[in-house]
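# Close look at the chain arrangement
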Amino acid sequence: MIEVRNLVKKYGTHLAVDHLDFKIESGRIYGFLGPNGAGKSTTMNIMTGYLGATEGEVLIDGQDILKEPEEAKKHIGYLPEQPPLYVDMTVREYLEFVAELKGIARAKREEEITEIEKMVKIWEVENRLIKNLSKGYRQRVGLAQAILGFPEIIILDEPSVGLDPKQIIEIRDLIRKLAKKHTVILSSHILAEVREVCDYILIISKGKLVASDTPENLEKMLGENNAIEIETGASPSEVRLILKNVPGIEAIQTQINGEGMTWAKITEKKGEDARERVFMAFAAAKTPLLTLKTTGTTLEDVFMELTQSDTVPEAFISKTKWEEVGRDAGDL
Ligand code: ADP
Ligand code: MG
């Protein structure tokens, strides 16, 4: 449905989007996840035809958006980071204006605007001037203009920024509802948000796609390395000495905690369970362990590792196997 090929965007000499390649299939909720400055908005602005690319292609149902932006734009509703609201209009006036721009038939306009106003819960404020609305309501008006015309693809750039927790939950519910009939792509720098609503996550760091998979698979990929956390009265160097000859250990991190105890995270080699050996090693050294517990890898760890380190684990780069995940596999 959308295919991004070798997309590059340079601002002067700054490489904001660095050879992105991915496909978006219909009927799912995709999340662009990455820290601020990763290139999410730039990518979305190009995908929606609002910004030119330095290199590469964006195909929407086979049409090149960079060559035929007007045609391709008909398939897309977009909520940019700064929604283009006309603040001196009322909500209704503004949505009527947008409906006209989108070429929605006059006969259908009134009904459709009312339907969408009710859907995003702005119906009660339709006669208020946009400039008098709170941030939360303005965001919903932005969302309404994206949904108008019910385009196949709805792209939302950081849809929950500036909203309070109750509004965030409402927006998430709305996104899920939209996804029943539309393909939704949203961006966020917040992992929890993307995990909560998206079927598929594309992690972007410094303009590069560093991982793309379902939330479950992303967790699994790094999840094979488990770790053991311990606390003991021994010093960090004593801890390392005790563990020196214990098999199955990949790495040890130590730290003195607030109570003057040593806290250590012992990462096990893939497939190893070293808990008993660790316990016995401390017992043999007559050094009591005050805590011993296992910790798995969370998606948070995956995200931090991928977006903070300069080197991306090789395993992640080649994991984009679209044919395995697409509900519509084979349709492309
Ligand atoms: P994100 O949305 O992930 O926070 P952006 O796409 O906004 O990231 O920005 C990516 C990078 O490009 C950042 O380093 C940002 O400073 C830079 N950038 C974005 N827009 C412009 C612009 N108009 N001119 C110059 N640099 C820009
Ligand atoms: Mg952004």
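Residues numbered from 1 in each chain as written. Chains lettered and ligands numbered in written order. Predicted model: local features only at pLDDT ≥ 70, side-chain atom pairs only at ≥ 80, totals over all residues. Heavy atoms only, no water.

If you check an unreviewed UniProt entry, the protein appears there as ABC transporter ATP-binding protein from Mediterraneibacter catenae. What UniProt states about the protein under its Sequence similarities (unreviewed entry) heading is, verbatim, "Belongs to the ABC transporter superfamily." (UniProt positions renumbered as here; feature names shortened; annotations may be inferred.)

Further remarks concern the overall build of the protein. When helices and strands are counted, the protein shows 13 helices and 14 strands. Residues classed as buried in the protein amount to 47% of the 332 residues present. With an accessible surface of roughly 16,600 Å², the protein has 50% of that area assigned to carbon and sulfur atoms. (Helix = DSSP H or I, 4+ residues; strand = E, 2+ residues; numbered from the N terminus. Buried < 20%, exposed > 50% of the residue type's maximum accessible area, 1.4 Å probe, protein only. Areas by Shrake-Rupley, 256 points an atom, 1.4 Å probe, with all protein chains shown as cover.)

So, on to the packing of helix H5 (residues 135-147) against helix H6 (residues 165-179). Geometrically, a packed helix pair is captured by the angle between its two axes and the distance between the axes. In contact at an axis separation of 11 Å, H5 and H6 are set at 10° when each is read in the N-to-C sense. In terms of axis orientation, H5 runs roughly parallel to H6. Here H5 contributes Gly-136, Arg-140, Leu-143 and Ile-147 to the contact with H6, which in turn contributes Gln-167, Glu-170, Ile-171, Leu-174 and Leu-178. Looking at the contact of H5 with H6, its residues break down into 5 nonpolar, 2 polar and 2 charged. (Axes fitted to C-alpha atoms, helices over the stretch in contact; angles between N-to-C directions. Parallel < 35°, antiparallel > 145°, perpendicular 65-115°, else oblique. Contact = heavy atoms within 4.5 Å. Nonpolar A, V, L, I, M, F, W, Y, C, P; charged D, E, K, R; others polar.)

Every residue lining ligand 1 is accounted for by Tyr-11, His-14, Ala-16, Pro-35, Asn-36, Gly-37, Ala-38, Gly-39, Lys-40, Ser-41 and Thr-42. A distance of 3.4 Å separates a nitrogen atom of ligand 1 from a polar side-chain atom of Tyr-11. Within the backbone of Gly-39, one N or O atom sits 2.9 Å away from an oxygen atom of ligand 1. The fraction of the free accessible surface of ligand 1 (560 Å²) that becomes covered by protein chains is 60%. Elements with a contribution of two residues or more to the shell around ligand 1: strand E2 (14-24) and helix H1 (40-47). (Near = heavy atom within 4 Å. Polar contact = N/O pair within 3.5 Å; in protein donor to acceptor, adjacent residues only side chain to side chain.)

In this structure, Ser-41 (OG) and Glu-81 (OE) serve as the protein donors to the magnesium ion (ligand 2), at separations of 2.1 to 2.5 Å. Here Ser-41 is found in helix H1, whereas its partner Glu-81 is found in the loop between strand E6 (76-79) and helix H3 (91-101), with 40 residues between them in sequence. (Donors = N, O, S within 2.8 Å, 3.2 Å for Na, K, Ca; no water.)

Mapping Asn-257 onto the fold places it in the loop between strand E12 (249-256) and strand E13 (262-268). Of the polar contacts made by the side chain of Asn-257, one reaches the side chain of Glu-231; its length is 2.6 Å. Side-chain polar atoms of Asn-257 contact the backbone nitrogen of Glu-259, separated by 2.9 Å.

Strand order in this open sheet of 4 strands is E12-E13-E11-E14, and the pairing throughout is antiparallel. Each of the sheet's edge strands pairs with one partner strand only, and the pair in question is E12 and strand E14 (289-295). Geometrically, the sheet is characterised by an average inter-axis angle of 15° between neighbouring strands, direction not taken into account. Strand direction decides the pairing type here: strand E11 (residues 227-232) and E14, joined by 6 bridges, are antiparallel. Considered in E14, the bridge of Glu-229 is made with Lys-293. Sitting on the sheet, helix H9 (residues 236-243) touches E11, E12 and E13, and the angle it makes with E12 is about 160°. (Pairing = 2+ DSSP bridges.)

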